[in-house]
Amino acid sequence: MKLRTPVLLLVAVLLCFARPAESIQPSVQSSALPLIAASRLADVPMPAKVLGFAPGDDRKLASWSQVLEYFEQLDRASDRVLFETLGQTSMGKPFVMATISSPENLAKLGEYKDIQAQLANPRKLGALATRDRKAAELIKRGKTIVLITCGIHSTEVGSYLSSMLIAHRLASSNEPEIQNILANTIVLLVPSLNPDGVDIVKNWYDNTLGTPYEGTDPPELYHKYTGHDNNRDWYAFTQVETQLTVDKIHNVWHPQIVHDIHQQGAMGARLFLPPYMAPVEPNVPKPIIAGYTKLGNWMAQDLRAQGFAGITTNSTYDAWTPARAYSHYHAGVRMLSETASAKIASPMTLKLTELTSREGYDPQKESVTFGPVWRGGEWKLGDITKYMTTAAFLLMRNAAENRVEWLQRFYTIGKEAVRPRRPGELFGFLIQPSPNSAELLKILDRGGVEVEELQAGTKFKSKAPTFPEGTKLVRMDQPYGGFAKALLEVQRYPNLRDAAGHPIPPYDVTAHTLPLLMGVDVQPVRAPFRYEKATAQPTVSGSAGDATDTFDRLPALYRSSVPSHDEGWTRWILDTRSIPYRSLSDKDIRGGIFYYKPSAGVTIKHNVIVIPDQSARTLLEGYRAGTMPPEVSGGIGEQGVRMLQQFIESGGTVVFLNRASNFAIEQFKLPVRNVVAGLPRTEFYVPGSILRIELDTAHPLVSESGMPKETIAWAEDSPVFEIAEMPGASVPAANATIIASYPLDKNPLLSGWLLGGDKMKGKAALLEVKMGEGRLILFGFRPQYRAQSLATYPLLFSALKR
C-alpha cells in the first residue's frame, strides 16, 4: 500500500493552474468532464493475471489472500485506488476497503469528509438563516459518496468476485462514463463484509468439487458466530465486522448511496432492485424512499433496455427493520440488489416452468413488478457477475450525473432532522438508569445519537416525581434522532394480507424495541419539555450486563451439522462473557460423550446441555440422506435421543430453546402439548415479536436469576405449552411445572405483530419437566435472541446452573 498524498496534492495544484477553477467541479447541466490524470493503464493488472482465472469463470473461486493480493497490486499500479486495512475480522483476517476516485479527489479526501460531515449535521453550518447558502456552496464542491458492499453472505459468491471486476474497470478505463464517475463520486468498495466466510465457502466448494455434493452449502456457519444473521446486526452492532463498517466507513463518510450486492434463490427473478415492498419502517425519511424508488426504477428500466431479463422491483423485500438498513436512518439510500444464484460457482439449467413465485410477482408472467420474462436455460456464475457489475456501473453513473441532486437530498434530510420540535411533537426519550441501560446507550452512541444527562431532580411533569440521578435524554432534534426513535419506540406492524386473506410475511422480523428487549425503562416526552442538563455529561464506556456468574461445572452446547444461527449467537454470548462450555456434535450425542478429558487422568462431566433453536425434524434427521457427505449426515437420530434420555435420567439437565422444545415434546413423550402446532397462519402467527410473560418468582430458576414477575419473550415461530396427561407419556403431568406463562387477562403483544393472541392467554411459555434424577427445561421463546434480549439472559444463565 503506497503513500500517495504528496504526489496527488502536486497534481491537483498543477491542474488548478492549468484551467479555470470553476471547470474542476462539473454541474449536472454541464457535459464537460474534468481532466483526469492518465493512469498507467498498461500497468493495471486484470484480475485473471493475479487469480489465474477471470472472476465469473465456472467452478472457480478466489481465496481471501488472492483477493487481497489483487487489490494490493491494483493499489500499486493505479493512482485512482487507495487500498487500506480497517481492522481484523472475528477470525483474524484483514478487513479492507478500496477508495476509488480521480487522483485529484483522492488528494483531498479530508476536505470531502468534512463537507459530508457538515451536510449531515447542518448545525455545523452556523446560524439558521445562513445554512442554506453555506450548504449550497458545499454542494457545489462535494462529491456523491457511494459505498459498495459485497459478500456479507459468503455463499453468494458473485459479489466478492464482482468487486475485482468493478475495481479494475474504474482503475484502468478512460471511457467518458468512467471518467465522469471518477470525477463526481468517491467510491468506497468493500470486497467482502465477511472475509472469513470467503475461505470457509471456497474450502468446502473445492473439497466437494466433482463429487455428488458439488455446489452445496458448507456444514458450518459461514460467519464464525452469526452465519446469515450477520446482515441482521446493523443496529445492535454486536459483531466486529459490523462495528468496523459503521465506525470506519459509515460514520466517517456518511455515504449518500449504499449499494449492497446480494444473491437470492435460483428459482425466481434474475434480479431484484428497489423500490421495496410494503411496509417501510415509519422512521425512514420520505426523501430516502423517493431516492431509492427513483434510482431503482431507473436502473431496472435501463437494464431492460440493454436486454437483461427477469428483473423485479417492489417485491419480495421490505424496508421494515433497521437491522438490515443502517443507511436509511443516516441519510443514505440502501440500494439492495439480489441476483439469482447458481450452485455456488457451478452452473445449473432451469426450465421456465420450474421457476416459482415470490411475494409480489410470478416469474413466469410479465407484470408491473416483473419483466421481461427470463425463458430459462443455463444459469452460471458469469451471468451473475454480469448482472451485478452492469447494475453497479449504472448506479455509479446515476450518482455521478445527479451529484447535485444526491447531495441536496442528503442535506434536506439533515435539515429536517435537526429542526426544533413544535409543541405537541415528540421531543425525545428519557432513559432511566438500570443494569442494562449502559448497553443501550452504547448502541445509540455507536449509531451517532447524542445523549444528554438530566440534572438530578428534573421532573417529567409538574406533579410527577423526579427522575433518578443518571437519567438520560435523547432529543429528536438531532441528525440521527430518527434512528434512536426507531429503536426506542414500540413497533405496530401493519396487518398485511394477500388477496386470499392470508398474512403477508415480513422479510425478516417485526419488532426491534430495544428497551423492551433489554429491560430498560424508557419514556417518551412531548414538546415543550424544559429541563436542566447535569453539570457533567455522560460518557459511554464499558459493556453492560457482563457475566458475574460462576459455573461450577461445564455446560455443553449442541452444534448441529446443519448450521444454526441460534447456536452461533449462543456461542457468541458465552464467549464474550467468558462462560466456559464445550460444543457437542451429532456424533458426540449419538455416542453419549457427555464429558471431556482436558488432560490425562482428568474427566469432566457435563451437567447441562443446551439445544439451540432448530426445527424438530432437522434436529432428529439432520441433512437428508444422500444430500451431504455421510460424516455430516444423520442428525441426533434415535440413538442420540436414547443417549440424551439416559443423561437426563441419571441427573443431567437439557435446555431446549424455542422450536427445539417441539423436539423434546415429541421424542421424550412429554405430558406437554404445543397448542398452536399445525394452526394455519390465519389463526395464529407470530413472525418475530416481543411478547409479555409472567414468571413464577418462587421457582428456583427465577428466584436465583433475580428476575421480576413480568418480563418479555422473543417469540418467532414459537411453541405455546399446555401441560396435559398424554397417552403413552414417559412421565406423569405432575412432573411438569410452569415457570412462565402468558397473562390470562392481558394482550400478550408488546411490540411487533401477533395474530391469534387469545390462544396464548394463560398458556405456558417456559416449563420444567422432571425425568428420573434430571430435568428438561423447555423455553417457548428465544431468551438470547440475536444477542439483544438482555432482559431474559438471566433465565438462560440460571438454567445453565441447574
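Residues numbered from 1 in each chain as written. Predicted model: local features only at pLDDT ≥ 70, side-chain atom pairs only at ≥ 80, totals over all residues. Heavy atoms only, no water.

Enquirer: I'm lost on the overall build of the protein in this one. Help?
Expert: Helix and strand counts for the protein come out as 23 helices and 31 strands. Taken along its principal axes, the extent of the C-alpha atoms in the protein is 90 × 75 × 60 Å. The buried share among the 802 residues of the protein stands at 60%. Taken as a whole, the protein presents about 30,300 Å² of accessible surface, with 52% of it coming from carbon and sulfur. Charge-centre separation for the protein: the mean point of 86 positive side chains lies 3 Å from the mean point of 81 negative side chains. (Helix = DSSP H or I, 4+ residues; strand = E, 2+ residues; numbered from the N terminus. Buried < 20%, exposed > 50% of the residue type's maximum accessible area, 1.4 Å probe, protein only. Areas by Shrake-Rupley, 256 points an atom, 1.4 Å probe, with all protein chains shown as cover. Lys, Arg positive; Asp, Glu negative; His and termini not counted. Charge placed at Lys NZ, Arg CZ, Asp CG, Glu CD.)

Enquirer: Teacher, can you tell me more about the sheet that holds strand β16 (residues 472–475) here?
Expert: Strand pairing in a sheet relies on backbone hydrogen bonds, with the paired strands running either antiparallel or parallel. Pairing in this open sheet of 4 strands is antiparallel, and the strands run β15-β16-β14-β17 from one edge to the other. Unpaired on one side and paired on the other, β15 (452–453) and β17 (522–526) mark the two borders of the sheet. Against the sheet, helix α14 (residues 437–446) touches β14 (426–431), β16 and β17, its axis set at about 140° to β14. The strands touched by helix α15 (residues 481–488) are β14, β16 and β17; relative to β14, the strand with the most contacts, the crossing angle is about 55°. (Pairing = 2+ DSSP bridges. Contact = heavy atoms within 4.5 Å. Axes fitted to C-alpha atoms, helices over the stretch in contact; angles between N-to-C directions.)

Enquirer: When you look at the packing of aromatic side chains in this model, what are you seeing that I'm missing?
Expert: We describe a pair of aromatic rings using the distance from one ring centre to the other and the angle between the two ring planes. This model, assessed by the stated rule, comprises 27 aromatic pairs. Aromatic pair F71 and F83: ring centres 5.4 Å apart, planes at 20°, arrangement stacked. One end of the pair, F71, is in helix α3 (residues 64–77); the other, F83, is in strand β1 (residues 81–88), and 12 residues separate them in sequence. Centroid distance Y276 to Y292: 4.8 Å. Interplanar angle 80°. Geometry classified as edge-to-face. Residue Y276 is found in the loop between β6 (271–273) and β7 (277–280), and its partner Y292 is found in helix α11 (residues 286–305); the two are separated by 16 residues along the sequence. As far as burial versus exposure is concerned, Y276 and Y292 are alike and both buried. Three or more aromatic residues joined by ring pairs form one cluster here, namely F272, Y276, Y292, Y317 and Y507. One residue, R169, lies across the ring of F393, its end atom 4.4 Å from the ring centre. In this structure, R270 packs its charged tip against the face of W374, placed 4.2 Å from the ring centre. (Phe/Tyr/Trp six-rings, centres within 6.5 Å; stacked < 30°, edge-to-face > 60°. Lys NZ or Arg CZ within 6 Å of the ring centre and 35° of its normal.)

Enquirer: How do you make sense of helix α12 (residues 381–401) when you look at a structure like this?
Expert: The periodicity of an α-helix, 3.6 residues per turn, causes residues three or four positions apart to be oriented the same way. Relative to the 30 Å expected for 21 residues at 1.5 Å per residue, α12 spans 30 Å between its end C-alpha atoms, a close match to the ideal helical length. For α12, a buried count of 16 out of 21 residues is recorded, marking the element as mostly surrounded by other parts of the structure. (Expected span 1.5 Å × (residues − 1).)

Enquirer: In this structure, what is going on with the pairing of strand β4 (residues 185–190)? I would like to understand it.
Expert: Looking down a regular strand, the side chains alternate between one sheet face and the other. Counting buried positions over the 6 residues of β4 gives 6, a clear majority of the element. Judged by which residues are buried, β4 turns out to be covered on both faces: T185, V187 and L189 on one side and I186, L188 and V190 on the other are all buried. As defined by bridge partners, strand β2 (residues 94–100) adjoins β4 across 3 bridges and the pair is classed as antiparallel. Considered in β4, the bridge of I100 is made with V187. Across 6 bridges, the pairing between strand β3 (residues 144–150) and β4 is parallel. In the strand pairing of β4, V146 is matched with V187.

Enquirer: Teacher, can you tell me more about the sheet that holds β6 here?
Expert: The strand order β1-β2-β4-β3-β5-β10-β6-β8-β12 describes an open sheet built from 9 strands, whose pairing is mixed. Each edge of the open sheet carries a strand with a single partner, namely β1 and β12 (370–371). As defined by bridge partners, β1 adjoins β2 across 7 bridges and the pair is classed as antiparallel. Opposite T85, over in β2, you have V96 as the bridge partner. Sitting on the sheet, α3 touches β1, β2 and β4, and the angle it makes with β1 is about 140°.

Enquirer: Mind showing me how you'd approach the pattern of salt bridges here?
Expert: Where charged atoms from two side chains of opposite charge come close, those side chains can pair. Here the structure, examined in full by the defined rule, presents 41 salt bridges. Among the ionic pairs, R169 bridges to E175, the shortest N-O distance being 3.0 Å. Classification of R169 as partly exposed rests on a relative accessible area of 24%. For R446, the salt bridge is made with D247, and the minimal N-O distance between the two is 2.8 Å. (Salt bridge = Lys/Arg side-chain N within 4 Å of Asp/Glu carboxyl O.)

Enquirer: So what exactly am I meant to see when it comes to the pairing of β3 here?
Expert: Burial analysis of β3 places 7 of its 7 residues in the buried class, which makes it a mostly covered element. Side-chain alternation along β3 places T144, V146, I148 and C150 on one buried face and I145, L147 and T149 on a second face that is also buried.

Enquirer: Would you explain the side chain of T390 in this entry?
Expert: Within the secondary structure layout, T390 lies in helix α12. Apart from residues lying up to four places away in sequence, T390 is in contact with L303, Q306 and F308.

Enquirer: Before we go on, may I ask you to explain the nonpolar core in this structure?
Expert: Across soluble globular proteins, nonpolar side chains show a tendency to be buried alongside one another. In terms of nonpolar packing, the biggest core is built from 198 residues, with F71, L170 and M396 touching the most fellow members. Tallying contributions element by element places α12 first for this core, with 12 residues. For F71, the contacting residues outside a window of four places in its chain are F83, A98, S163, M164, A167, L189 and P191. Counting 34 residues, the second-largest nonpolar core is a separate cluster that includes I589, F594, L767 and L778. (Core = buried A, V, L, I, M, F, W, Y, C linked by side-chain atoms within 4.5 Å.)

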